Amino acid sequence: MLTTALYTLRTRWVAFTGSFVALSLGVALLAVSGLALASTLDAPDRKPERFAAAPVVVRGQDTLRVPTPSGDLTKELARPRPVPAALVARLKGLGTVVEDRSFPVRVRGGGHGPGDLVGHPWSTAAFAPYRIDAGRAPRTADEVVVTGGRAGPGERLRTDRGTLRVVGTVPRLGFEDAVFFTDARAAALAPVSVQLAVDAQASAVRRAVRDAVRDSVPGSAGVRVLTGDDRRYADAGPDREREAVTALNALFGTAGGVTAFVSVFVVASTFAFAVAQRRREFGLLRTAGATPGQLRRTVLAEALGVGVLASATGCVLGAYAAPRLADRVVEEGLAPAWFAIGDHTWPYHAAFWTGLVVALCGATAAAWRAGRTGPVEALREAAVDTGTMTRGRWVCGAGLLLTALVTLVLALVGDPGDLLHRKTYVSRPMPLIAAAALLAPVVVRPTARLLTWLPSRLPGATGLLARENTVAGVRRTAAVAAPVLVTVALAGSLLGAVATLDEAKAAEVRERTAAAFVVTAPSGAGLDAATVDRLRAVPGTEISPTSSSAVYVLEDGAALIRSDARAVAAPEALTATTRLPLAAGKVSDLDDHSIVVNEEWEEHTVGRRVRVRLGDGTPKTLRIAAVMHTGTGDNGVYVTAANAAGAPVDRVDVALADGADADPVAAGLRGAVAPVGGRVSSGDEWAAAAAPGSRGATRAGLFLVLGIALLYTGISVVNTMLMATSDRVRDLAVLRLAGATDGQVLRLLAVESLTVAAVGTLLGLLVTGLNLAGMGAALHLLAVPAAPVIPWAAVATTAGLCAALAVAASLGSAALAARRRPVVRA
């Protein structure tokens, strides 16, 4: 049987080309994914950036620690506490103490480089270290030093912090675009300092902190002394590289999973179609005395040969592609700058053996079908496919369909919000897509008849012949339509899920916004009391100042949950500017001793009391005044300003009084915030800008998945078309002998290919509709005012590419066959 298998591979190489290419690319992608994942395990320890030259950094409490029977639970505080003044006084006795401050500075119009800068006091520049390479240090409030490339000495920058005069520049160090003010001006722009650098021995600083804790100095218990590599925790976003690595792992893990899924599908489809085409050949072998077991071993031996060659080729391709892909993800900002492919061997072993297993798994069903071929098949001449749905295909298809429907119903009944999570909406469509592909032969015939009803009634025989050929060759039609179905369904389901979720979040923001205008502070800053008073003095307005904060709650004694919070300065004004999606209670009951929560909280009964920690970690017990619907998970909670741990006002919602004219009010608001650089937007403009969209990493991952699916679709469609057209040489010859021209034959094949692609597209849209209907039902149960969004442009593009590939492959193979004389082909 091995000799027969090798001979078959050599003589029927066209039939196995698609499987070889699919497996090679699949193994290459698995190798690349494995190498990328292995390389993230060797991540270097991150070094300090802004404080690389600082002897010691003392940072105020920035972590909430809650003891539980199973151990301490920790969360990063929304508002770190400053170092206590009494402790600062002790540290000044040890050496020079420099308070650090960081705040955003937005450049307005023109200029070079990015629009966002980070402001610091000049005294902290030496700790990076930054050294002046042109000009001098700032001396007055409007003088600054900037990193190179932004502006030169003597130039001016228009920013949300005023017009600044550049008096010096420092080289860029790569981790930020900085602007340095005088210490006094920086203190005015950012009054709160949560960390400071101390020029003293680390042991002496630690001893001073321990003494402060022993002496019960308020706020000293959570103070951290950072030295060595721990000084990186004083930088902005100390965990950003870890988060980037996590996103990278999810990206390549998803790509690897989809690759394995689609590889099995393509290989199984190719071998199944090849076995169906060779039924007469297998019948002759059975007539000559071959046993069913020998036929099965022949097919598996063919798969083994293809698998070995393809897996080896894929490993070579993976070794070539991995470093280039790593460079690309770093350029796109999806990976840290240090990310590079390491010297690992186990990903090649994993990819090779996985490819081999995929080849054997994909051929198993085909081998079983080959073993059931009877000797009488050698005499078969009928062109109409029968028995396309085997018992195993019925069981697997129905089982996957039932599994998909049951899991959807259970999710809707149990936790509808789970359907909105990324892992869920990426993985949930897979069983339904696989079920649709397995059951495709059942619906191919009626779908094809429906799509060709009108063309078959047009003048000429092309439409009628295309209809009958498509309906008669169910196995061929299903083999080509299935990969189109998979690709269209993936494109529609994944991109549709992202678009639906984005639209749902945007709809929530629009629904909650009842303000005529929204005033926002400069990024990362706040509006002082004087600015709020000027806004309140604008005639014809009712304002609702709010702040960003957070609230922490311990649930089930084992989970410390962080909820974003809006702190309301005037609860009575909130109802005029904001429409909260309330499920119970009243917003007007909110006061300094209560909280508005959402249904995600373990305790969400109006009137009950909950123990929480505020944004700075302060414990407090609050009464539930109202409960909001869960929505998409971004509703957060509401507290009063007294429970916001001193968070500055960063947003002011403005409602118009009865009879007030919007234009004079807008002008008055702009004049009130002009001194501090605030922004005035209409309610609709603010809602559109505030609506969260999908992140770059998420979209990159989805397009990578869709790219993989489209690539495999191309392989499967082209390979199946080549096999099918080469098997129809006699049919085409008969058409030529009956008087059809080459052009008519090619038009017939083109119409057939378009019909098959349309069948796959229609079934893919049906799967997309079912998947998005589940998400729409979840949004309805979560009281989100949004409907499912079908990405018609992406679906149309995907379907068009699939149709173009099908037509090109069909016409290309037919053109080659047409070179021979009809009488020879017949």
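Quick caveat: nothing in here was measured; it's all calculated off a predicted structure.

Conventions we followed
- Residues numbered from 1 in each chain as written.
- Predicted model: local features only at pLDDT ≥ 70, side-chain atom pairs only at ≥ 80, totals over all residues.
- Heavy atoms only, no water.
- Helix = DSSP H or I, 4+ residues; strand = E, 2+ residues; numbered from the N terminus.
- Contact = heavy atoms within 4.5 Å.
- Areas by Shrake-Rupley, 256 points an atom, 1.4 Å probe, with all protein chains shown as cover.
- Phe/Tyr/Trp six-rings, centres within 6.5 Å; stacked < 30°, edge-to-face > 60°.
- Lys NZ or Arg CZ within 6 Å of the ring centre and 35° of its normal.
- Buried < 20%, exposed > 50% of the residue type's maximum accessible area, 1.4 Å probe, protein only.
- Salt bridge = Lys/Arg side-chain N within 4 Å of Asp/Glu carboxyl O.
- Patch = residues over 30% accessible without salt bridge, like charges linked within 9 Å, V, L, I, M, F, W, Y side chains within 5 Å.
- Arc of directions from axis to C-beta.
- Axes fitted to C-alpha atoms, helices over the stretch in contact; angles between N-to-C directions.
- Parallel < 35°, antiparallel > 145°, perpendicular 65-115°, else oblique.
- Left-handed = near helix turned anticlockwise from the far one by under 90°.
- Nonpolar A, V, L, I, M, F, W, Y, C, P; charged D, E, K, R; others polar.

(A) Quick peek at the overall build of the protein chain. For the protein chain, the helix and strand inventory stands at 24 helices and 23 strands. In the protein chain, the share of contacts with a sequence separation of at least 24, taken over all contacts with a separation of at least 6, comes to 80%. Only carbon and sulfur atoms are counted for the fraction: they give 59% of the accessible area of the protein chain, which is about 36500 Å².

(B) Spotlight on the packing of aromatic side chains. Scanning the entire structure with this criterion turns up six aromatic pairs. Where Phe 103 meets Phe 181, the ring centres are 5.6 Å apart and the plane angle is 45°; that geometry is what we call tilted. Taken together, the residues span a long stretch of sequence, with Phe 103 in strand β5 (residues 103-106) and Phe 181 in strand β11 (residues 178-181) at a distance of 78 residues. Positioned over the ring face of Tyr 233 is Arg 224, at 5.3 Å from the centre of the ring. Positioned above the aromatic ring of Tyr 320, the side-chain terminus of Arg 324 is 3.8 Å from the ring centre.

(C) Focus on unusual backbone geometry. Each neighbour pair has its own omega, and for Ala 128 with Pro 129 the value is 0°, a cis peptide bond. With respect to the helices and strands, Pro 129 occurs in the loop between β6 (116-121) and β7 (134-135). Even without being glycine, Ser 216 reaches a positive phi, approximately 60°. Topologically, Ser 216 is positioned in the loop between α5 (202-214) and β13 (224-226). At Ala 783, a position not held by glycine, the phi torsion is positive, near 60°. Looking at Ala 783, the relative accessible area reads 38%, which means it is partly exposed.

(D) Molecular detail of the pattern of salt bridges. Overall, the coordinates contain 19 salt bridges when judged by the stated rule. The partner of Glu 176 in a salt bridge is Arg 50, and the shortest N-O contact between them spans 4.0 Å. Of this pair, Glu 176 sits in the loop between β10 (162-170) and β11 while Arg 50 sits in the loop between α2 (13-40) and β1 (56-59), placing them 126 residues apart in sequence. A relative accessible area of 11% places Glu 176 in the buried class. The partner of Arg 136 in a salt bridge is Glu 143, with the nearest N and O atoms 2.9 Å apart. For Glu 143, a relative accessible area of 3% puts it in the buried group. A single salt-bridge network, built from bridges that share partners, covers Arg 90, Asp 211, Arg 214 and Asp 215.

(E) Local environment of a nonpolar patch on the surface. Nonpolar side chains collect at one region of the surface, where Trp 394, Val 395, Val 442 and Val 443 lie side by side and expose about 340 Å² of accessible area between them. Residue assignment for the nonpolar patch shows that the elements contributing at least two residues are α10 (391-414) and α13 (440-451). Relative to the helices and strands, Val 442 is located in helix α13. On the basis of relative accessible area, Val 442 is assigned to the partly exposed category, the value being 36%.

(F) Structural view of helix α16 (residues 529-536). The set of residues buried in α16 consists of Thr 531, Val 532 and Leu 535. Taken end-on, α16 shows its buried residues confined to a sector of 100°, consistent with a single buried face.

(G) The packing of helix α12 (residues 429-438) against helix α15 (residues 474-512), seen in detail. The geometry of α12 relative to α15 is characterised by a closest axis approach of 10 Å and an angle of 155° between their N-to-C directions. Between α12 and α15, the angle is such that the two are roughly antiparallel. As α12 runs across α15, the sense of the crossing is right-handed. Judged by residue contacts, Pro 429, Met 430, Ile 433, Ala 436 and Ala 437 of α12 engage Leu 485, Val 486, Ala 489, Leu 490, Ser 493 and Leu 494 from α15. Of the residues in the contact of α12 with α15, the class split is 10 nonpolar, one polar and no charged.

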